[in-house]
Amino acid sequence: MKKLKFGIIGVGVMGPNHLDCMKGCEFAEPVAVCDIDKARADLIGGENNLRVFYDAEDLFASGCVDAVLIVTPHYEHTPLAIRAFECGLHVMSDKPAGAHKLDAEKMLAAQKAAPGMKYGVMYQLRTMGIYKKIKQLLSDGELGKLQRFNWTATHWYRTQRYFDNGTWRASWEGEGGGVLLNQCPHQLDLLQWFFGMPEMIKAFGSCGKYHDIEVEDDVSAYLEYAEGLNGMFIASTGEFPGTDRLEINGDRGRLVMENGKLTFNRTEVSVAEFTKSSEGTMAGPGIWNVEIPILDNTLSSAKVIDAFASEVFNKGKMLVTGEEGINQVELTNAIIYSILKGVEVKLPLDSVEYAKMLKGLIAESDKVIK
């Protein structure tokens, strides 16, 4: 069977992990690696019997790949993706799809200017059974009209040494953000996958609350949607032990995800109708307590890569398109903008205005990027 030949750009931490996952793909195979760290590139390439490149331009011009998987620091995603599209290559980007919304928009524009080229983003949490089940229950309307959600994602504890290990980490110039752009893109992607995009965001938080860093490490965001839904998203890299709990309330009960379990407290009747018709004063309707079985809760980069490659061959659909990948970046930027400016943010976010603010933060920074 013909397979999509991939070159992996960036083999520091996550690149080798994605490479190993790709070896088991039905429609994709790794054939080359590229990294500016020549010793690292030689090591990973040699261990896996792959062609080695030290400059992305050389990889693009080699003719040995059909697609690239970009696994570099955030700001490099955009220029690399644009050049890859210009060279007639398909592109998968590791999260996030750009350091900020304007960069993500440029990546999408480059893909649209390259007819036939596919563009996907690596959000592998969508492959886990527990999240697929939540999506199914919401899509099927099992909770009725949604009222409120609360997602506490404070399980991302990091030490100071973690941030000190790379000069590009935890800086406006190196990463473009903190817990939202580094640790929580997957949760924010799932959030927009479940509920869509909000109309308004008002957020509170701190930069360098728990660490000697200049970006956000503590966030509480309020999100307001059309038709009455609202939610809270809370994230931190300074709390231990942390929590990963999603609670969704609707007219037909409450769904809770925590500790790898999914529990549905389903009401026997509509809460809204019961509220109107009940002759009681405080007692609610009857409840069925159900633990939803999760058949396969493994995380799989391979499934994301294979789905992408299958779409190239017209044999399936990718999991996350580049166009949808912008949503996570926009949520991140809107929350940061609200925190730093102390304002409510109406969506869609003005990407030019955000880029202007970010440029100012970089100019004011005293962190040296090597």
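Higher on the page you've got the structure.
Model, not experiment: these values are computed from the prediction.

Cut-off values and rules
Residues numbered from 1 in each chain as written. Predicted model: local features only at pLDDT ≥ 70, side-chain atom pairs only at ≥ 80, totals over all residues. Heavy atoms only, no water. Helix = DSSP H or I, 4+ residues; strand = E, 2+ residues; numbered from the N terminus. Buried < 20%, exposed > 50% of the residue type's maximum accessible area, 1.4 Å probe, protein only. Contact = heavy atoms within 4.5 Å. Areas by Shrake-Rupley, 256 points an atom, 1.4 Å probe, with all protein chains shown as cover. Lys, Arg positive; Asp, Glu negative; His and termini not counted. Charge placed at Lys NZ, Arg CZ, Asp CG, Glu CD. Core = buried A, V, L, I, M, F, W, Y, C linked by side-chain atoms within 4.5 Å. Pairing = 2+ DSSP bridges. Axes fitted to C-alpha atoms, helices over the stretch in contact; angles between N-to-C directions. Arc of directions from axis to C-beta. Expected span 1.5 Å × (residues − 1). Phe/Tyr/Trp six-rings, centres within 6.5 Å; stacked < 30°, edge-to-face > 60°. Lys NZ or Arg CZ within 6 Å of the ring centre and 35° of its normal.

**Focus on the overall build of the chain**
Along the chain, the regular secondary structure elements total 13 helices and 15 strands. Taking the principal axes of the C-alpha coordinates as reference, the chain spans close to 75 × 55 × 40 Å. Taking all 370 residues of the chain together, 54% fall into the buried category. For the chain, the proportion of contacts with a sequence separation of at least 24, taken over those separated by at least 6, is 68%. Looking at the chain as shown, the accessible area adds up to about 16,600 Å², and 50% of this sits on carbon and sulfur atoms. Counting 39 positive and 50 negative side-chain charges, the chain places the averaged centre of each group 3 Å from the other.

**Re the nonpolar core**
Judged by nonpolar contacts, the single largest core of 56 residues is most densely connected at Tyr131, Ile134, Trp151, Phe194, Phe195, Phe233 and Ile248. With sequence-adjacent residues up to four places away left out, Trp151 is seen in contact with Tyr131, Gln187, Leu190, Leu191, Phe194, Met232, Phe233, Ile234, Asp244, Arg245, Leu246 and Met257. Counting 31 residues, the second largest nonpolar core, distinct from the first, contains Phe53, Ala81, Met117 and Tyr119.

**Section: the sheet that holds strand 7 (residues 146–153)**
Sheet architecture is open: 9 strands sit in the order 14-13-12-11-7-10-9-8-15, paired in mixed fashion. Whereas interior strands pair on both sides, the edge strands pair on one side only; in this sheet they are strand 14 (287–292) and strand 15 (345–346). Contacts between helix 12 (residues 322–341) and the sheet are confined to strand 8 (200–207), strand 9 (216–224) and strand 15, with strand 8 contributing the most and set at about 65 degrees to the helix.

**Considering the pairing of strand 8**
The pairing of strand 8 with strand 9 spans 8 bridges and is classified as antiparallel. What sits directly across from Phe204, in strand 9, is Ser220. Bridging between strand 8 and strand 15 involves 2 bridges; their strand directions are antiparallel. Residue pairing across strands places Ile201 opposite Val345, the latter belonging to strand 15.

**Examining helix 1 (residues 14–22)**
Among all positions of helix 1, only Gly15, Pro16, His18, Leu19 and Met22 are buried. Considered in projection along helix 1, the buried side chains sweep an arc of 160 degrees and stay on one side of the axis.

**Focus on helix 13 (residues 351–364)**
Helix length check: helix 13, at 14 residues, gives a terminal C-alpha distance of 20 Å against a target of 20 Å (1.5 Å per residue), a fit within 8%. Where helix 13 is buried, its residues meet helix 4 (74–86), helix 5 (101–112) and helix 12.

**Quick look at the sheet that holds strand 4 (residues 67–70)**
Strand pairing in a sheet relies on backbone hydrogen bonds, with the paired strands running either antiparallel or parallel. The 6 strands are arranged 3-2-1-4-5-6 in an open sheet whose pairing can be described as parallel. Because the sheet does not close on itself, it has two edges, and the strands there are strand 3 (51–53) and strand 6 (119–122). Taken over all neighbouring pairs, the strand axes of this sheet differ in orientation by 30 degrees on average, direction set aside. Of the strand pairs in this sheet, strand 1 (residues 4–9) and strand 2 (residues 28–34) are connected by 6 bridges, and their pairing is parallel. Bridging across to strand 2, Ile9 finds its partner in Cys34.

**Digging into the packing of aromatic side chains**
Enumeration according to the criterion identifies 11 aromatic pairs in this entry. Between the aromatic rings of Tyr157 and Phe240, the centroid separation amounts to 5.4 Å while the plane-to-plane angle is 55 degrees, which identifies the pairing as tilted. Of this pair, Tyr157 sits in the loop between strand 7 and helix 7 (160–164) while Phe240 sits in the loop between strand 10 (230–236) and strand 11 (244–250), and the two are 83 residues apart along the sequence. Linked through ring pairs, Phe149, Trp151, Trp193, Phe194, Phe195, Tyr225 and Phe233 together constitute an aromatic cluster. Geometry around Tyr54 places Lys38 over its ring, the cationic atom sitting 5.3 Å from the centre.

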